[in-house]
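Take a look at the letters that make up each chain.
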Amino acid sequence: DVPQGTFYRFCLEPVQGVPLMKPIVNDWKRVESFQARPDDFLIATYPKAGTTWMQEIIDLVLHEGDVEKTKRAPTHVRFPFLEICSPPPVPSGIDVLEKTPSPRLIKTHLPYLLVPKSFWEQNCKVIYVARNAKDNVVSYYYFDQMNKTQPDPGPWETYIEKFLRGDVAWGSWFDHVIGWWEAKAKHPILYIFYEDMKEDPKREIRKVMTFLEKNLSEDVLEKVVQHTSFKVMKENPMANYSSMPDYIMDHSSSPFMRKGEVGDWKNQFTDAQRKMFDEEYAKKMQGTDLNFKVQI
Ligand code: A3P
């Protein structure tokens, strides 16, 4: 057993070519054979694409705008994290999920090809959130500094290269966003963009509402928009990860609710880095009709 307070930055090992943190790899057989139930609801994202924001929206839509109900527990308790498996005291996602009554809300960062097959056999609904690569890599860089279980990000210059190679936890951003984009032709997947949520949150929340088969009044929709704004969530202890012990998440190095903007990458990239990134991006996105906004 690992005593409380001694946490590691885990190393990565590939599962079917996708680098995942060692404890997940150790428990992979259980993840792969996880039994989904038909009324399970999955929120899937590449890390730092806006998972927590969408989780708050989903929970509030399901509870028809009842803010008190969404304050029943922190995000990571309301939505167990399927593949996560850390030393105690953090429980494994699967242990928690096996004891969770239906309907379960489940979070995953797995690329489409690694999602347990039972989710598709049971025809489970999924919401996928994607965020443009430049803001995503900046957000991930700061997160890898503050989350003490993630591999050390090292300096920014080399981090961008690791990101482009897919040599970060949960692998290539490109494979992730494209894999899920193509999967939506086969399964009930609602694909939402972070940039669209910033541009017109009410429009995107309405899509979530329809997908979840809920019918909320304009007033309630307005309330959901307001309660899930960056400002309000940053102050909400049940939505800002302040309940995580600081030996796991060190908010003093970078807060979890950091900036919440589209286009913040411009404050991080040099001109040369932007050029190099754009060239690699064009090569890797060739042949897909998936397009992102990089500013709004
Ligand atoms: P930044 O680091 O760019 O600020 P995830 O939940 O997938 O880990 O994503 C975290 C990112 O989403 C962070 O981005 C965080 O600030 C942003 N975020 C969280 N809640 C938000 C909200 N209500 N509105 C806009 N961005 C939000």
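Think of each chain on its own: its residues are numbered from 1, step by step along the sequence as written. Since the coordinates come from a predicted model, pLDDT governs what is reported: local features require at least 70, and pairs of side-chain atoms require 80 or more to be given and counted, while whole-chain, interface and lining totals use all residues.

1. Quick word on the pairing of strand β2 (residues 18–21)
The burial label depends on the number of other C-beta atoms within 10 Å of a residue's C-beta. Counts of 20 or more mean buried, 12 or fewer mean exposed, and intermediate counts mean partly exposed, with C-beta atoms placed from the backbone. Secondary structure elements follow DSSP: runs of H or I no shorter than four residues count as helices, runs of E no shorter than two count as strands, and numbering proceeds from the N terminus. Taking every second residue as pointing to the same face, both faces of β2 are buried, with Val 18 and Leu 20 on one and Pro 19 and Met 21 on the other. By the bridge criterion, four bridges tie strand β1 (residues 12–15) to β2 in an arrangement that is antiparallel. The partner of Leu 12 across the bridge, within β2, is Met 21. Pairing between two strands requires that DSSP report at least two bridges joining them.

2. Side note on the environment of Leu 12
Structurally, the position occupied by Leu 12 is in strand β1. For the pair Leu 12 and Ala 169, spaced 157 residues apart in sequence, the C-alpha separation works out to 6.7 Å.

3. Some remarks on the site of the ligand
Residues in close proximity to the ligand total 20 residues, the closest being Thr 51, Thr 52, Ser 139, Arg 258 and Gly 260. For the shell around the ligand, the secondary structure elements donating two or more residues are α3 (51–62), α8 (133–146) and α14 (230–234). Taken together, the residues that form the shell around the ligand break down as seven nonpolar, eight polar and five charged. Near, for a residue, is defined by distance from a backbone-placed C-beta atom to a molecule or strand, with 6 Å as the limit that must not be exceeded. Charged residues are taken to be Asp, Glu, Lys and Arg, nonpolar residues to be Ala, Val, Leu, Ile, Met, Phe, Trp, Tyr, Cys and Pro, and polar residues to be all remaining types, Gly included.

4. Regarding helix α9 (residues 156–165)
Within α9, burial applies to Tyr 159, Ile 160, Phe 163 and Leu 164. Relative to the axis of α9, the buried residues are bounded by an arc of 135° and lie together on one face. Relative to its buried face, α9 has exposed residues pointing more than 90 degrees away, namely Glu 157, Thr 158 and Arg 165. For α9, the secondary structure elements touched by its buried residues are α8, α10 (173–183) and α15 (271–284). Note that the arc is computed from the directions linking the helix axis to the C-beta atoms. We call two residues in contact if the C-beta atoms placed from their backbones are at most 7 Å apart.

5. A look at the nonpolar core
Considering soluble globular proteins, one finds that nonpolar side chains tend to be buried as a cluster. Here a nonpolar core is just a set of buried residues of the types Ala, Val, Leu, Ile, Met, Phe, Trp, Tyr and Cys, joined wherever their C-beta atoms sit within 7 Å. If you look at the biggest cluster of nonpolar residues, it comprises 67 residues, and the most contacted ones within it are Met 54, Ile 57, Val 61, Ile 127, Tyr 128, Val 129 and Phe 163. When residues in this core are grouped by element, the largest group, seven residues, is from α8.

6. Let's talk about the confidence of the model for the chain
You can read pLDDT as the predictor saying how much it trusts each residue, on a scale of 0 to 100. Looking at the chain as a whole, its pLDDT mean stands at 95, while 96% of the residues score no less than 70. Interface scoring of the predicted complex returns ipTM 1.00; its pTM is 0.97.

7. A few points about the sheet that holds strand β4 (residues 105–108)
In space, the four strands of this open sheet follow the order β4-β3-β5-β6, with parallel pairing throughout. The outermost strands of the open sheet, each flanked by one partner alone, are β4 and β6 (189–193). Averaged over all pairs of adjacent strands, the angle between strand axes in this sheet comes to 20°, irrespective of strand direction. The sheet contact formed by strand β5 (residues 125–130) and β6 spans five bridges and is parallel. Bridge pairing links Ala 130 to Phe 193 in β6. Sitting on the sheet, α10 touches β3 (41–45), β5 and β6, and the angle it makes with β6 is about 135°. All axes are obtained by fitting lines to C-alpha atoms, using only the stretch in contact for helices, and the reported angles, taken between N-to-C directions, cover 0 to 180 degrees. In this fold helix α12 (residues 201–211) packs onto β5 and β6, with an angle of close to 170° to the strand it touches most, β6.

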